[in-house]
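In case you want the letters, here they are:
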Amino acid sequence: MLVLGIETTCDETAAAVVERHDDGRATILANVVLSQIAEHAAFGGVVPEIAARAHVEALDLVIATAMAEAGRDFGALDGVAAAAGPGLIGGVIVGLITAKVIALVHKKPLMAVNHLEAHALTVRLTDETPFPYCLFLASGGHTQIVAVRGVGDYVRLGTTRDDAIGEAFDKTAKLLGLGYPGGQRVEREAARGDPFRFNLPRPMLGRQDADFSLSGLKTALRLEAEKIAPLTHQDVADLCASFQLAVVEMVVDRLRYGLRIFRERFGVPCALVAAGGVAANDAIRKALLNLAAQERVALMVPPPSLCTDNAAMIAWAGAERLAQGLCDGLDSSPRARWPLDQVGAPLPGPRPHATVKADGAALSPAGEEDGGSSNTVPSAVA
Ligand code: KG4
Ligand code: ZN
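All values reported here derive from a predicted model rather than from experimental measurement.

Novice: Help me understand unusual backbone geometry in this model?
Specialist: For residues besides glycine, phi is generally negative; the peptide bonds are generally trans as well. In this model, G85 is joined to P86 through a cis peptide bond whose omega is -10°. Among the structural elements, P86 can be located in the loop between β4 (79-85) and α3 (89-106). Here the amide bond leading from Y180 into P181 is cis, since omega sits at -5°, within 30 degrees of zero. Among the secondary structure elements, P181 is positioned in the loop between α5 (165-175) and α6 (182-190). In the Ramachandran plot, E128 falls in the positive-phi region, its phi being about 50° despite a non-glycine side chain. Mapped onto the elements of the fold, E128 is located in the loop between α4 (115-127) and β6 (133-138). Judged by relative accessible area, which is 43%, E128 ranks as partly exposed.

Set out below in structure tokens:
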């Protein structure tokens, strides 16, 4: 099963071609990621309007490059997947419309993929990890502990009450003058800093739930920085190291509770899985390794390039859904917000004009043939 994936939810324009073999293994035939860092750097963060325009300008070429690298043409595809949210709506619209056009012209099924679901399933692309597993999903906009029980079957066990972890890394970088994007830069500074110089708070530590809170840590960091300003290079490194250690300790504590809740509700998880841009952080990866050993659970983390945003994960999530007979109508809506635990539900909005079978034949209107469910195709797709 060959799927083209398109990712445009934030500041990466990406396209990938992934093959899902019958036994569930995957081959990434092409994985092209064009970062917009240069476009946004002067503004210290992602400017949604600039991002959307940059996606428009680059996406055709990025897709053409991925198809050329894969050595396949559109006719060879079994489906087209695009991230339909959550994310910056302008970019989401660009990617989803492009995928719809390719699906329409080449008569292929469309998969309107949830970006968070794609992060959640990446570990099955890289390691064929079986369900159920306990997922730590940490990106620029989300911080969650999730029970992943199957494709489209996600139960949120904990989440952040304020900022996401990636957002906290980005704000720390901005505060300390490290620029954008922040996560990697804070990690690099932390590597040469003293993590014990500043005694920053570890919010939520020891609480009997799996929730996070980052805002108190962020404020404490700002107050420490203001106390000793102007900052030397060493001050910046020490602040980064102290911040990162506080985050690591909080993550480990929250995940310990998350795993406990998982076991109580769903039994033994097949793995502890980390995903999202923050999972690229080496200190967090090492801490998770220790935690997994103590908790006697296997740790699965995709390589850093598949933790940060990419289209291989979108193509893979599309392939997983297509293999289950799930695809979407050509009028699927782009969504700025789309919680992971609502993924299994049919997409809201008007009934689709046409849903496409795996063999390319249009079912119109879809509801007449699939019992009214707007995002499933009957057993034709297998
Ligand atoms: O998953 P992702 O690429 O995009 C979103 O869906 O948000 O995650 C991006 C986030 C950013 O906040 C970025 O600062 C953070 O992941 N990040 C990191 C690292 N690399 C990326 N945070 C900490 N350490 C890193 N090495
Ligand atoms: Zn992401």
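This is not the end of the story, as more comes after the structure.
Novice: When you look at the sheet that holds strand β9 (residues 272-275) in this model, what are you seeing that I'm missing?
Specialist: Paired through backbone hydrogen bonds, the strands of a sheet run either parallel or antiparallel to each other. One open sheet accounts for 5 strands, arranged β8-β7-β6-β9-β10; its pairing is mixed. What marks the edges here is a single partner per strand, and that holds for β8 (153-159) and β10 (299-300). In this sheet, strand β7 (residues 143-150) lies alongside β6 in antiparallel orientation, the contact comprising 6 bridges. Bridged to F136 within β7 is I145. In the packing of α4 onto the sheet, contacts are made with β6, β7, β8, β9 and β10, and the angle to β6 comes to roughly 125°.

Novice: Where do I start with the coordination of the zinc ion (ligand 2) in this structure?
Specialist: Put simply, the ideal angle at a metal is 109.5 degrees for four donors in tetrahedral geometry and 90 or 180 degrees for six donors in octahedral geometry. Here the zinc ion (ligand 2) is held by the protein donor atoms H115 (NE2), H119 (NE2) and D309 (OD), which lie 2.1 Å from it. Between consecutive donors of the zinc ion (ligand 2), the numbers of intervening residues give the motif H-x3-H-x189-D. Of this pair, H115 sits in helix α4 while D309 sits in the loop between α10 (304-307) and α11 (312-323), and the two are 194 residues apart along the sequence. Taking the relative accessible area as the measure of exposure, H115 reaches 6% and is therefore buried.

Novice: Looking at this structure, I do not really get the site of ligand 1. What am I missing?
Specialist: If you check the shell around ligand 1, you find 20 residues, and the closest are G140, D170, E187, G277 and D309. Measuring from a nitrogen atom of ligand 1, one finds a side-chain N or O atom of N281 at 3.0 Å. When isolated, ligand 1 has an accessible area of 540 Å², and the protein chains bury 88% of it. Elements with a contribution of two residues or more to the shell around ligand 1: α4, α5 and α6.

Novice: Help me understand the pattern of salt bridges in this model?
Specialist: A side chain with one charge can pair with a side chain of the opposite charge if their charged atoms come near. Evaluated as defined, the whole model comprises 23 salt bridges. Residues E226 and R222 are paired through a salt bridge, measuring 3.2 Å at the closest nitrogen-oxygen approach. Linking E226 with R222, this pair stays in helix α7 (residues 215-228), spanning 4 residues, or about one helical turn. Given a relative accessible area of 34%, R222 falls into the partly exposed group. Residue R254 is joined to D253 by a salt bridge in which the shortest nitrogen-to-oxygen separation is 2.9 Å. On the basis of relative accessible area, R254 is assigned to the buried category, the value being 0%. Judged by its relative accessible area of 15%, D253 falls in the buried class. In the salt-bridge network here, residues are joined through shared partners; they are R161, R207, D209, D211, D253 and R254.

Novice: Hey, could you run me through the side chain of H119 in this one?
Specialist: Note on placement: H119 falls in helix α4. Setting aside residues up to four positions removed in sequence, H119 forms contacts with L137, A275, G276, C307, T308, D309 and M313.

Novice: Honestly, α3 in this entry has me stumped. Any pointers?
Specialist: Along an α-helix, residues three or four apart share an orientation, since each turn contains 3.6 residues. The end-to-end C-alpha distance of α3 is 26 Å, a good match for the 26 Å that 18 residues give at a rise of 1.5 Å each. Those residues of α3 that sit buried are G91, V92, V94, G95, L96, T98, A99, K100, I102 and A103. In this structure, the buried residues of α3 make contact with β1 (2-7), α2 (48-70), β4 and β5 (110-114). Where α3 ends, the next residue or the one after it, K107, has phi of about 55°, a positive value.

Novice: Can you help me understand the side chain of T8 in this one?
Specialist: Note on placement: T8 falls in the loop between β1 and β2 (12-20). In this structure the side chain of T8 is engaged in a polar contact, spanning 2.7 Å, whose partner is the backbone oxygen of G91. Within the structure, the side chain of T8 is placed 3.3 Å from the backbone nitrogen of G95, a separation counted as a polar contact. Excluding residues that lie within four positions of it along the chain, T8 makes contacts with T13, H55, L59, G91, V92 and G95.

Novice: Just checking my understanding: could you explain the packing of α5 against α7 for this structure?
Specialist: Angle between the axes and distance between the axes are the two parameters that describe a pair of packed helices. Contact geometry of α5 with α7 gives a least axis separation of 11 Å together with a crossing angle of 15°. Judged on the interaxial angle alone, α7 and α5 are roughly parallel. Relative to α7, the crossing made by α5 is right-handed. Between α5 and α7, the contacting residues are K171, T172 and L175 on the first element and K218, L221, R222 and A225 on the second. Here the contact of α5 with α7 is composed, by residue class, of 3 nonpolar, 1 polar and 3 charged.

Rules and cut-offs
- Residues numbered from 1 in each chain as written.
- Chains lettered and ligands numbered in written order.
- Predicted model: local features only at pLDDT ≥ 70, side-chain atom pairs only at ≥ 80, totals over all residues.
- Heavy atoms only, no water.
- Helix = DSSP H or I, 4+ residues; strand = E, 2+ residues; numbered from the N terminus.
- Buried < 20%, exposed > 50% of the residue type's maximum accessible area, 1.4 Å probe, protein only.
- Pairing = 2+ DSSP bridges.
- Contact = heavy atoms within 4.5 Å.
- Axes fitted to C-alpha atoms, helices over the stretch in contact; angles between N-to-C directions.
- Donors = N, O, S within 2.8 Å, 3.2 Å for Na, K, Ca; no water.
- Near = heavy atom within 4 Å.
- Polar contact = N/O pair within 3.5 Å; in protein donor to acceptor, adjacent residues only side chain to side chain.
- Areas by Shrake-Rupley, 256 points an atom, 1.4 Å probe, with all protein chains shown as cover.
- Salt bridge = Lys/Arg side-chain N within 4 Å of Asp/Glu carboxyl O.
- Expected span 1.5 Å × (residues − 1).
- Parallel < 35°, antiparallel > 145°, perpendicular 65-115°, else oblique.
- Left-handed = near helix turned anticlockwise from the far one by under 90°.
- Nonpolar A, V, L, I, M, F, W, Y, C, P; charged D, E, K, R; others polar.

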